[in-house]
Structure formats: structure tokens, C-alpha cells
Amino acid sequence: SKHCVELDNRTANVTVKPFDLDTGFQFELHVTVSGKKISVSEIPELPIPKDWVRDKLELHFYKTEQAAGGGEIKNVTYNKGAGTAVITFLKPG
């Protein structure tokens, strides 16, 4: 359960501890697509941290690469108040 992780030329000792995940959320996203960016709107406000929503969006659109619709992500800009996000890919597609 103990690990040594290197981040930005620094070493951190971390300990893994189990935790309970809340039940999942299901919601519909509205997406506008252009060459390297996808605009996502109507993201509902969820009772989870902003960083988690950003991570979930990144994972979702990265994973859709296998379905010919995603790819490697350069950046995710998430605006919690507006319920919008812009996903920028490394390569147009």
C-alpha cells in the first residue's frame, strides 16, 4: 500500500487507502464539434469536485478514440457555473 512517486523531479511517498465511491451519475451532454475542439454544454451541476468532472470529461472523450470520435487530449476547460466545457485534442479529427 506504500508507493514512491516522482512528480516534476520531486519524490513523494504515498500510501494507498481504500475509500467508497458514490453511486454513478448519468446525464446527457450537448456537443458541438470542430477540428481540434469540442464544446460541451448543459453539463449538470453534480455534487462532486470540479476536478473530478474535468477528469471524467477527459477520460470519456479520450476513450471514444476507439469509436473513431476522440483521441489524445491536450486540455479540458470546465466552467462549473455555466455548465460548459471545451475539450481540445492534440490532433484534429
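Residues numbered from 1 in each chain as written. Predicted model: local features only at pLDDT ≥ 70, side-chain atom pairs only at ≥ 80, totals over all residues. Heavy atoms only, no water.

(A) Fine view of the overall build of the protein chain. Helix and strand counts for the protein chain stand at one helix and six strands. Helices (α) and strands (β) of the protein chain occur, in sequence order from the N terminus, as β-β-β-β-α-β-β. Buried positions account for 19% of the 93 residues belonging to the protein chain. Intrachain contacts of the protein chain at a sequence separation of at least 6 include 35% that bridge at least 24 residues. (Helix = DSSP H or I, 4+ residues; strand = E, 2+ residues; numbered from the N terminus. Buried < 20%, exposed > 50% of the residue type's maximum accessible area, 1.4 Å probe, protein only. Contact = heavy atoms within 4.5 Å.)

(B) Examining unusual backbone geometry more closely. Residue Asn 9 is not a glycine yet carries a positive backbone phi of 60 degrees. Structurally, Asn 9 is set in the loop between strand S1 (2-7) and strand S2 (10-15). Although it is not a glycine, Glu 42 sits at a positive phi angle of roughly 60 degrees. For Glu 42, a relative accessible area of 53% gives the class exposed.

(C) The pairing of S2, seen in detail. For S2, the tally of buried residues reaches only zero of six residues, placing the bulk of the element at the surface. Where S1 meets S2, six bridges bridge the pair, whose relative direction is antiparallel. In the sheet register, Val 5 faces S2, and the bridge partner there is Ala 12. What sits between the antiparallel neighbours S1 and S2 is a turn of two residues, in which Asp 8 has the positive phi angle 50 degrees. (Pairing = 2+ DSSP bridges.)

(D) Representation of the pairing of strand S5 (residues 73-79). Across six bridges, S5 lies against strand S6 (residues 84-89) in antiparallel orientation. By the bridge assignment for S6, Asn 79 is matched with Thr 84. In textbook terms, the turn of a hairpin is the stretch between consecutive antiparallel strands, and for S5 and S6 this stretch comprises four residues, one of which, Gly 83, has a positive phi near 70 degrees.

(E) Geometry of the nonpolar core. If you look at the biggest cluster of nonpolar residues, it comprises 14 residues, and the most contacted ones within it are Val 40, Ile 43, Val 53, Leu 57, Phe 61, Ala 85 and Ile 87. Elements represented by at least two residues in this core include exactly strand S4 (37-41), helix H1 (50-63), S5 and S6. (Core = buried A, V, L, I, M, F, W, Y, C linked by side-chain atoms within 4.5 Å.)

(F) Looking closely at a nonpolar patch on the surface. A cluster of nonpolar side chains, Val 5, Leu 7 and Val 14, forms an exposed patch at the surface whose accessible area comes to about 220 Å². Following the sequence through the fold, Val 14 ends up in strand S2. (Patch = residues over 30% accessible without salt bridge, like charges linked within 9 Å, V, L, I, M, F, W, Y side chains within 5 Å. Areas by Shrake-Rupley, 256 points an atom, 1.4 Å probe, with all protein chains shown as cover. Salt bridge = Lys/Arg side-chain N within 4 Å of Asp/Glu carboxyl O.)

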